[in-house]
Amino acid sequence: MMEAVVPHEITTELTQILANLVLGDNKICSNAEQAVNDRLAQTPDLYLLALTQFSIAADTEVMRSFSLVLLCRLLFRTAPGQQPGEGHLTLYDQLPAHALMTLERLLLHSLSHDPLDAVRRKTVDTVCDNANNSMSRGRPWHVLQAQTFTMTQTGEAGFRECAYRLFSGCPNLMMDLQTDAVLMVFRKGLQDSQSVEVQLAALRASVSYLTACDQHQLSHSLSLLYPMLDTLPSLPNIHLKSFLSSLTPLCSSHPNLFVPHMNALLSFLCGLIMPSIDSGPTPTVAKPFPGTSSSFTFPPGGPDTSRTPDDSDEVTEDEEKESVRKAALEFMVSLTEAKPTLAKRSEGWTAAMVRASLEGMGELPEDTLDSWLETDPSEDAQDENYPHVYEQSLDRVACALGGKAVLPPAFQYIPSMLANYDWRLRHAGLMAIAAIAEGTSKVMQMELGKVVDLVTPMFKDAHPRVRYAACQCVGQLCTDLEEIIQDRYHEQLFAALIPTLEAPESRVHSHAAAALINFCEGVERDTLVPYLDPIVERLLKMLNPGAEDGKVVKGYVQEQAITTLAMVADASEATFAKHYSSIMPLLLNVLRNANSSDHYKLRAKAMECAGLIAIAVGRNVFRPDANTLIELLIKIQNSPVDPSDTMLPNFLIATWAKICQALGTEFEPFLPVVMPPLLNAASAKADVSIYDDEDEVGEMREGWETISMDGQIVGIRTSTIDEKCQAFDTLVVYCATLGGRFAPYLTQSLELSLPALKFYFHDGVREAASRLIPSLFTCGKQSGTLTSQMVAASFLQLIHSIRAETDPSFLSSLYRALADGLRVVGIPALTPDLQAALIEATKHQLQTLADKRKRRAESPEDDREELALLEEVEEFALEDMEKLLKMLDGQHPLLVAVSSVRDLGFNQWDSEEERDSDG
């Protein structure tokens, strides 16, 4: 035993506190947490040392492990009682030097002496956290470095594994050493013949090292890839997934390391991602559905008494094979995304990924039709039996490589899949076309007629899931080839979709209605009008089928019918007026009666639809029902709030905006009703939580998202900021529609808009605020309520925002807002001081953009397409900057600087090879 480093009474007290934390009920546990906080606030060094000592001395594995986890959390917790301006100090930072040395000595003792692997692994985690934080503060831990290298030589596999785990978790332990010495240690671990666990830890350590290397170290470490990859072929499936998954991050961060190994990798990975070939029933695979049984049993449906332990082993083996298959495919896809040219140049690489994805997509369970028909479509994303991984892989490959690389291997198989006797292959063929449409759209549009000819006959398929997939496919094509497919092939698509609105299965006719939404988003009004009557007639039947067949219509079908009606109305505009009298009464009836929690979504969709129809038909048609709709909305707005109805706030605000657009200036009398809750929503502060570590994030509530900001993990309640964004969008609509009549709310709206320019939690809020400011100027000018102080404050805030902005997309919006404001109030409103500040801010942005472009020119390895997109966004900012400068002075000196920055731009198509890879 080690000599005690803290008084006995403190050890005794801490032992009881820890026992209460682990074993106590909620009240006891809460009291114990408070006790820990109190002791740390008074004497942090004593209690942290006592906790470290306890991790060695405790009798049980549970208590030693728990104390190590707790120590890891507490050491780098924010220290209590910090004053503003002190920075982010932790308890670790407040420990005296002698306490730190003792703590480190105790941890090293645990590392080298604890007899249990599980406890030592917890020690490794705590030591790594300690070492990384220590080194980041300029305090190296040389003793740890020496001990870790010694542990790689020990005879016990568990200690060797811990050594490599330490190198993996803290690569800085190796970075100042001779590269050859480091590589020798790694090779020894990778070739460890006694323990797969040591090999895996060495592989992860190698990945961490290569990821952390500078360019010089990396160039001398290329040979490490050979022993790393040599670990794979001899592994059984139970271990192979972990090895592949550990290598995959290196594909994304350093794809060039794999260049010399592509042929060997392809040869090895092909055997993992594709089953062995025999004369099977499908165009691509021998046994397409490995989870299904073909054996004859009698009586059918009776209990299966034939299973043996061997069957169970076979299931486990199949599961292991499947997990390896997915890991191998993920490895290939990640490498492809990181370095598309590498995949294109490696013969067979793309074809293998495409084929493996198509095979995987066909592996649906055979006997789930009844449950599928009864399932709400919103639950599809959680369907564990659906091969999401393979569909997403195909989508990712298509987006990474484009049409010229992906379409030939895909359509080598898709036509025969669509003709296959097995519905699962027909389903997979359609879903595959949908999956690759986005990434291959530039090339696919050249052969679009052939694709449409393949897809449209599938709407008459005997199997409901195939017809559902046909709807999905057409909907996706309408989005990814928007306007092109609607313009060229609307006759064929309407001929397929409209009859499917009357399909006998709810899921199929509902999905046909959903596909129509995608169609309408890219269709010309004149194209849609001839089909309006049969579409509306069938949607009304879906919404209100009557008692013809005695069936109760499903809620999701009604919701979908209403949503599609809204989109059809929006696309057909005034032509929709002839159907107004059939639809609006139904929507008003929904708003009167859909008050129970299971109808909340239906009510929200009915609001949206009523608003869009009102805009489409115009105020003269809508006016007779306007008061009724407004009264219903007021009643809903004033009803008690149900926290579970998360859709209502956003939809209510958006519907008021639509009614304002429909009624125009006639909406003014309702402003006193709608503005108080709207201003309240627009003034909402972001509901945020700061998390100390990743573990706490896992306990987050639904409806929260995390972002990394200033080195901290910040959780944001999304519903609050989404509602704030909707409120700002609605203020823009009210102000633009009502002009001077919005004057009573000018001051409040401006006071909200100016700080919102720096609301970094939601880009939509900032964009809406930038559009609102010039609109408020117009309102103030028309009503005579705009003061010079308002104008000066607004311009000053816009200029400050321009100076600080790092996003070129929003920088463009800020320059537009300033220019639009000047058009309203006149150039003289920009005083000499403001103009000088604007010029300085513009010079700063030009210098920043120039520096970025110079740095890119020095990094030719970066993704060319991504760079081209970045610079396209910057180009918009330069364009808006240029327009504003010309407003101030047609010969402004900075115009030359704008041109110079533009000339530094990266030329996307400066090589034939890149041009050929388009699509």
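Quick caveat: nothing in here was measured; it's all calculated off a predicted structure.

Participant: Explain the overall build of the protein to me, please; I cannot follow it from the model alone.
Facilitator: Check the secondary structure of the protein and you find 45 helices and 3 strands. Looking at the 919 residues of the protein, the share that counts as buried comes to 50%. Contacts spanning at least 24 positions in sequence make up 73% of the contacts within the protein whose residues lie at least 6 apart. With an accessible surface of roughly 42600 Å², the protein has 51% of that area assigned to carbon and sulfur atoms.

Participant: Help me out: how do you make sense of the packing of aromatic side chains in this one?
Facilitator: For any pair of aromatic rings, geometry is given as the distance between the ring centres together with the angle between the planes. Summed over the entire model, instances satisfying the criterion amount to 15 aromatic pairs. Between F149 and F167, the ring centres sit 5.0 Å apart and the planes meet at 65°, which makes this aromatic pair edge-to-face. In this pair, F149 is assigned in helix 8 (residues 142-151) and F167 in helix 9 (residues 157-169), connecting sequence segments 18 residues apart. For the residue pair F149 and F167, the accessibility class agrees, reading buried in each case. Arranged with centres 6.4 Å apart and planes meeting at 55°, the rings of W656 and F667 form a pair that is tilted. In this pair, W656 sits in helix 34 (residues 648-663) while F667 sits in the loop between helix 34 and helix 35 (671-682), placing the two residues 11 residues apart along the sequence. Pair check on accessibility: W656 and F667 agree, each one buried.

Participant: Where do I start with the packing of helix 11 (residues 179-190) against helix 12 (residues 196-212) in this structure?
Facilitator: Packed helices, taken two at a time, are described by the angle between their axes plus the distance between the axes. Closest axis-to-axis distance for the helix 11/helix 12 pair is 7 Å, and the angle between their directions is 150°. Viewed along their axes, helix 11 and helix 12 adopt a mutual orientation that is roughly antiparallel. In terms of crossing hand, the pair formed by helix 11 and helix 12 is left-handed. Here T179, V182, L183, F186, G189 and L190 of helix 11 come into contact with helix 12, specifically with V198, Q199, A202, L203, A205, S206 and Y209. Residues belonging to the contact of helix 11 with helix 12 are distributed by class as follows: 9 nonpolar, 4 polar and no charged.

Participant: I'm lost on helix 41 (residues 808-825) in this one. Help?
Facilitator: Owing to its 3.6 residues per turn, the α-helix brings residues three or four apart onto one side. With 18 residues, helix 41 should cover 26 Å at 1.5 Å per step; its first-to-last C-alpha distance of 26 Å lies within 8% of that length. Across the 18 residues that make up helix 41, a large majority, 13, are buried. The opening residue of helix 41, the one whose side-chain oxygen lies 3.0 Å from the backbone nitrogen of S809, is D807. Residue G826 follows helix 41 closely and has a positive phi angle near 95°.

Participant: So what exactly am I meant to see when it comes to the environment of L369 here?
Facilitator: Inspection of the secondary structure assignment puts L369 in helix 20 (residues 369-374). A relative accessible area of 24% places L369 in the partly exposed class. On a C-alpha basis, the gap between L369 and P464 in space is 8.4 Å, while along the polypeptide they are 95 residues apart. Here L369 is in contact with H463, P464 and R465, once residues within four sequence places are set aside.

Participant: Mind showing me how you'd approach a negative patch on the surface here?
Facilitator: Together, E482, E483, D487, E521 and E524 make up a region of like negative charge exposed at the surface. Tracing the backbone through its elements, the reader meets E483 in the loop between helix 25 (464-480) and helix 26 (484-500).

Participant: Got a minute to help me understand the packing of helix 6 (residues 97-113) against helix 8 in this structure?
Facilitator: Relative orientation of the contacting elements helix 6 and helix 8 amounts to 0°, with a least axis distance of 11 Å. Judged on the interaxial angle alone, helix 8 and helix 6 are roughly parallel. In this structure, helix 6 uses L108, L111 and S112 to contact helix 8, whose residues at the interface are V143, L144, Q147 and M151. Its residues assigned to classes, the contact of helix 6 with helix 8 comprises 5 nonpolar, 2 polar and no charged.

Participant: So what exactly am I meant to see when it comes to the confidence of the model for the protein here?
Facilitator: A low pLDDT means the predicted coordinates there should not be read in detail. For the protein, per-residue confidence averages 86 on the pLDDT scale, and residues scoring 70 or more make up 88% of the total. Confidence drops under pLDDT 50 across residues 908-919; counting only partners more than four residues distant or on other chains, this segment forms 24 contacts.

Participant: Help me understand the environment of E524, please; the structure alone is not making it clear to me.
Facilitator: Relative to the helices and strands, E524 is located in the loop between helix 27 (506-520) and helix 28 (525-528). The sequence separation of E524 and S572 amounts to 48 residues, and the corresponding C-alpha distance is 8.4 Å.

Participant: Just to check I follow, could you spell out the side chain of E805 for this structure?
Facilitator: Secondary-structure assignment places E805 in the loop between helix 40 (788-804) and helix 41. Those residues in contact with E805 that sit more than four places away from it in its chain are Y760, R766, F810, L811, L814 and Q845.

Participant: What is the right way to look at the nonpolar core in this model?
Facilitator: One broad trend across soluble globular proteins is that nonpolar side chains are buried collectively. One finds F622 and F742 to be the most contacted residues of the largest nonpolar core, which totals 293 residues. For this core, the element with the most residues is helix 23 (residues 423-444), which contributes 13 residues. Those residues within four positions of F622 in sequence are excluded, and the remaining contacts are Y580, M584, A614, V617, L629, I659, A662 and L663.

Participant: Looking at this structure, I do not really get the side chain of R853. What am I missing?
Facilitator: The residue R853 is located in helix 42 (residues 832-857) in this model. There is a polar contact of 2.9 Å between the side chain of R853 and the side chain of E874. Polar contacts involving the side chain of R853 include one to the main-chain carbonyl oxygen of R902, which spans 3.5 Å. Beyond its immediate stretch of four places on either side in the chain, R853 contacts E871, E874, E875, L878, V901, R902, L904 and G905.

Participant: Looking at this structure, how should I read the pattern of salt bridges?
Facilitator: Pairs can form between side chains of opposite charge once their charged atoms are near each other. Summed over the entire model, instances satisfying the criterion amount to 37 salt bridges. Note that R623 is salt-bridged to E666, the shortest N-O span being 2.7 Å. A residue pair is termed long-range when its members are at least 10 positions apart, and R623 in helix 33 (residues 619-638) and E666 in the loop between helix 34 and helix 35 qualify at 43 residues. A residue is classified by how much of its surface remains accessible, and R623, at 35% relative accessible area, is partly exposed. Of the charged contacts in the structure, one is a salt bridge between E805 and R766, with a shortest N-O distance of 2.7 Å. Residue E805 is located in the loop between helix 40 and helix 41, and its partner R766 is located in helix 39 (residues 763-783); the two are separated by 39 residues in the primary sequence. E805 sits in the buried class, given a relative accessible area of 7%. We classify R766 as buried; its relative accessible area is 3%. It is possible to trace a salt-bridge network through shared partners that takes in E322, R325, K326 and E363.

Participant: How should I be thinking about helix 8 in this particular structure?
Facilitator: Considered for burial, the residues of helix 8 that qualify are L144, Q145, Q147, T148, F149 and M151. Residues of helix 8 that are buried make contact with helix 6, helix 7 (117-136), helix 9, helix 10 (172-175) and helix 11.

Participant: Before we go on, may I ask you to explain unusual backbone geometry in this structure?
Facilitator: A negative phi angle is the norm for most residues apart from glycine, just as the trans form is the norm for most peptide bonds. A positive phi angle is found at E483, which is not glycine, with a value near 75°. The phi torsion at E573 lies on the positive side, around 55°, for a residue other than glycine. Its place among the elements puts E573 in the loop between helix 30 (555-572) and helix 31 (577-593).

Participant: Looking at this structure, I do not really get the environment of V143. What am I missing?
Facilitator: In this fold, V143 is placed in helix 8. Its relative accessible area of 53% is what places V143 among the exposed residues. Each C-alpha atom of the pair V143 and E104 lies 9.2 Å from the other, and the pair is 39 residues apart in sequence.

Calculation notes
- Residues numbered from 1 in each chain as written.
- Predicted model: local features only at pLDDT ≥ 70, side-chain atom pairs only at ≥ 80, totals over all residues.
- Heavy atoms only, no water.
- Helix = DSSP H or I, 4+ residues; strand = E, 2+ residues; numbered from the N terminus.
- Buried < 20%, exposed > 50% of the residue type's maximum accessible area, 1.4 Å probe, protein only.
- Contact = heavy atoms within 4.5 Å.
- Areas by Shrake-Rupley, 256 points an atom, 1.4 Å probe, with all protein chains shown as cover.
- Phe/Tyr/Trp six-rings, centres within 6.5 Å; stacked < 30°, edge-to-face > 60°.
- Axes fitted to C-alpha atoms, helices over the stretch in contact; angles between N-to-C directions.
- Parallel < 35°, antiparallel > 145°, perpendicular 65-115°, else oblique.
- Left-handed = near helix turned anticlockwise from the far one by under 90°.
- Nonpolar A, V, L, I, M, F, W, Y, C, P; charged D, E, K, R; others polar.
- Expected span 1.5 Å × (residues − 1).
- Polar contact = N/O pair within 3.5 Å; in protein donor to acceptor, adjacent residues only side chain to side chain.
- Patch = residues over 30% accessible without salt bridge, like charges linked within 9 Å, V, L, I, M, F, W, Y side chains within 5 Å.
- Salt bridge = Lys/Arg side-chain N within 4 Å of Asp/Glu carboxyl O.
- Lys, Arg positive; Asp, Glu negative; His and termini not counted.
- Charge placed at Lys NZ, Arg CZ, Asp CG, Glu CD.
- pLDDT = per-residue confidence, 0-100.
- Core = buried A, V, L, I, M, F, W, Y, C linked by side-chain atoms within 4.5 Å.

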